[in-house]
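Spelled out from the first residue to the last, the chains are:
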Amino acid sequence: MKTIAYYISDYGYGHAARSTAIIRELLKQNEKVKIIICHSFALDFLQQSFRHEPRVTFREVATDVGYILKENSLEPDAEVLNDNVSSYVSQFSMKLNQEILFMKEKNVLFVISDISPLGIASASALNIPSLGLSNFTWYTAYEGLIEEQLLSFLHKQYKQMTYHFSLACSNEPQWGSEENQRFGFYSRKIDNYEVQRIRQKIEPAGKSHIIYFGLGMKVDIGTLSELPIWRSPNCKFIVSSNVRVNYPNVYHIPNNAVETQHYVAAADLALTKAGWGTVSEAVCAGVPLLITNRSSMKEDRHTIDYLVRHQLCDIIEWKELESLVITPSLIESCRRQNINRYKNEAIHIAKEINKKIKSK
């Protein structure tokens with residue numbers, strides 16, 4: 001058995017959900033690997049996702065900082081972000097030593113990272129091959145938000161990855177020292193029976209449009225309940241369990257729900273920020289997208305540019321949300337934009353990763 005350490009970013013659930021798709025395929029395709037997931041924020045979610053898989057174990061470790069958002073906003077707080085990244089960098093040497101000891105103890109032979117610099121740097125210190133898998137790195141995501149010396153530090157860590165697999169919407173340097181590959185979208189598999197069960201539960205009469213409203217589990221905007229969107233005629237809404245909006249036509253995803261990709265697939269329209277995980281689930285399921293624009297987020301700009309260029313979404317500014325009402329014509333407009341279908345590339349990506357693992 002070969003032991004793989006899989007480092008997952010601690011920012012939100014998106015990285016955890018998409019990593020779940022890849023890990024499932026890696027295990028399915030290769031019976032001779034076991035995987036140690038290194039993560040903290042969504043550890044309960046990951047443990048539930050792999051509760052029946054003995055070849056997956058877990059190690060609680062803070063892998064990165066992610067974004068820090070302003071209160072009641074989707075925009076980053078650059079001042080607080082600088083402080084948090086600075087603290088992360090100052091502790092990095094200590095954390096690196098801990099990861100080196102862990103990898104030696106567990107005889108880790110290969111490292112995958114989405115997209116924490118910690119696992120990549122630790123693998124390099126031990127001359128273990130590493131593979132970065134993401135649509136971005138925190139180096140490019142933080143450009144224009146944090147100080148130059150902090151960016152330089154992150155650049156140095158990412159330059160140590162052996163292989164770089166970039167995803168749809170990526171606008172990254174070729175980080176891989178040995179190989180760089182490009183892939184499209186992927187998500188966890190979708191069970192059509194489960195999708196229909198959800199649609200029946202939310203709208204048994206089948207007369208209303210179902211709208212997935214996804215701002216992300218780390219976004220907490222107290223004024224959401226005042227928006228007129230909830231009064232859109234003939235619309236039912238799916239929201240995360242943490243969204244403080246309570247109307248008869250609003251359905252909260254249960255706290256203990258694990259296979260949340262089915263809620264995206266059950267919608268007639270997904271209104272969401274440009275988070276890659278939700279976008280990819282919608283694209284793979286053929287659900288029309290209406291994306292909220294965050295101009296200060298470089299990652300979002302790259303995602304939105306890609307989606308617009310490939311006619312995969314409509315765009316709405318955050319200020320427009322204050323007066324937005326969902327209409328049949330809006331849904332139809334978004335549907336017309338969503339003319340390109342993308343296959344789920346999880347199987348293909350896992351196949352390429354397994355080739356790298358088997359070669360070592």
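The residue count restarts for each chain, going from 1 along the sequence in the order it is written. For a predicted model such as this one, the threshold for reporting local features is a pLDDT of at least 70, and the threshold for listing and counting side-chain atom pairs is 80 or more; totals across whole chains, interfaces and linings nevertheless cover every residue. Processing note: side-chain calculations cover all non-hydrogen atoms of the structure and skip hydrogens and water entirely.

Chemist: I keep staring at the packing of aromatic side chains and nothing clicks. Help me out?
Modeler: Each aromatic ring pair is summarised here by two numbers: the centre-to-centre distance and the angle between the ring planes. Stacked, edge-to-face and tilted labels apply to pairs of Phe, Tyr and Trp rings (six-membered ring for Trp) whose centres lie within 6.5 Å, assigned for plane angles under 30 degrees, over 60, and everything in between, in that order. Inspection of the entire model under this criterion finds 21 aromatic pairs. Consider the rings of Y11 and Y67, whose centres lie 5.3 Å apart with planes at 85°: the pair is edge-to-face. Of the two residues, Y11 sits in the loop between β1 (2-8) and α1 (14-29) while Y67 sits in the loop between β3 (56-60) and α3 (78-90), which places them 56 residues apart along the sequence. For Y67, a relative accessible area of 6% corresponds to the buried category. Between the aromatic rings of Y139 and W175, the centroid separation amounts to 5.7 Å while the plane-to-plane angle is 90°, which identifies the pairing as edge-to-face. You can see Y139 sitting in helix α6 (residues 138-141) and its partner W175 sitting in the loop between β6 (163-166) and β7 (179-182), a full 36 residues away along the chain. You'll find Y139 and W175 in the same group, each marked buried. What links up through ring pairs into an aromatic cluster is the set Y11, Y67, F136, W138 and Y142. Of note, R24 hangs over the ring of F50, and the distance from its end group to the ring centre comes to 5.9 Å. Put simply, DSSP H or I for four residues or longer makes a helix, DSSP E for two residues or longer makes a strand, and each gets a number counted from the N terminus. Summary of the burial criterion: residues with accessible area below 20% of their type's maximum are buried, those above 50% are exposed, and those between are partly exposed, where the area comes from a 1.4 Å probe applied to protein chains only. Lysine and arginine charges are scored as sitting over a ring when NZ or CZ, respectively, is within 6 Å of the ring centre and within 35 degrees of the ring normal.

Chemist: When you look at unusual backbone geometry in this model, what are you seeing that I'm missing?
Modeler: For the bond from D114 to I115, the omega torsion is -10°, close enough to zero to count as cis. For I115, the location among the structural elements is in the loop between β4 (108-114) and α5 (117-125). The phi dihedral of N127 falls on the positive side, at around 60°, and the residue is not glycine. Among the structural elements, N127 can be located in the loop between α5 and β5 (130-134).

Chemist: Explanation requested: the sheet that holds strand β2 (residues 33-39) in the structure shown.
Modeler: Strands belonging to one sheet form pairs held by backbone hydrogen bonds; the direction of such a pair is parallel or antiparallel. Each pair of strands is called paired provided DSSP finds at least two bridges between the two strands. Read across the sheet, 7 strands follow the order β3-β2-β1-β4-β5-β6-β7 without closing on themselves; strand pairing throughout is parallel. Among the strands making up the open sheet, the edge pair consists of β3 and β7. Each neighbouring strand pair of the sheet contributes to a mean axis angle of 20°, computed without reference to strand direction. Both β5 and β6 contribute to a ladder of 4 bridges, which runs parallel. Between N-to-C directions, angles span 0 to 180 degrees; the directions come from axes that are lines fitted to C-alpha atoms, helices contributing only their stretch in contact.

Chemist: Could you clarify how one ought to interpret helix α12 (residues 328-337) in this entry?
Modeler: Side chains three or four residues apart in an α-helix point the same way, a direct result of the helix having 3.6 residues per turn. Those residues of α12 that sit buried are L330, I331 and C334. For α12, the angular spread of the buried residues around the axis is 100°, confining them to a single face. The exposed set on the far side of α12, more than 90 degrees from its buried face, consists of P328, S329 and R336. It only takes one pair of heavy atoms within 4.5 Å for two residues to be counted as in contact. Tucked inside the fold, the buried residues of α12 contact β8 (209-214), β11 (269-273), β12 (289-293) and β13 (314-317). Throughout, the arc means that of the directions going from the helix axis to the C-beta atoms.

Chemist: When you look at the nonpolar core in this model, what are you seeing that I'm missing?
Modeler: When a protein is soluble and globular, its nonpolar side chains tend to lie buried together. Core analysis: the biggest nonpolar cluster contains 65 residues, and Y6, I22, L133, F185, Y186, I349 and I353 have the highest contact counts within it. If you tally residues by element for this core, the top one is α1, at 7 residues. Once residues lying within four places of it in the same chain are set aside, the contact partners of Y6 are S19, I22, I23, L26, I35, I36, I37, C38, I112 and L133. In plain words, nonpolar cores are sets of buried Ala, Val, Leu, Ile, Met, Phe, Trp, Tyr and Cys residues tied together by side-chain atoms within 4.5 Å. Residues I68, L81, V89 and F153 belong to the second largest nonpolar core, which totals 42 residues.

Chemist: Which parts of the structure should I look at to understand helix α8 (residues 192-202)?
Modeler: For α8, the set of buried residues is V195, I198 and I202. In a view along the axis of α8, the buried residues occupy a sector of 65°, so they form one face of it. Away from its buried face by more than 90 degrees, α8 exposes N192, Y193, Q196 and K201.

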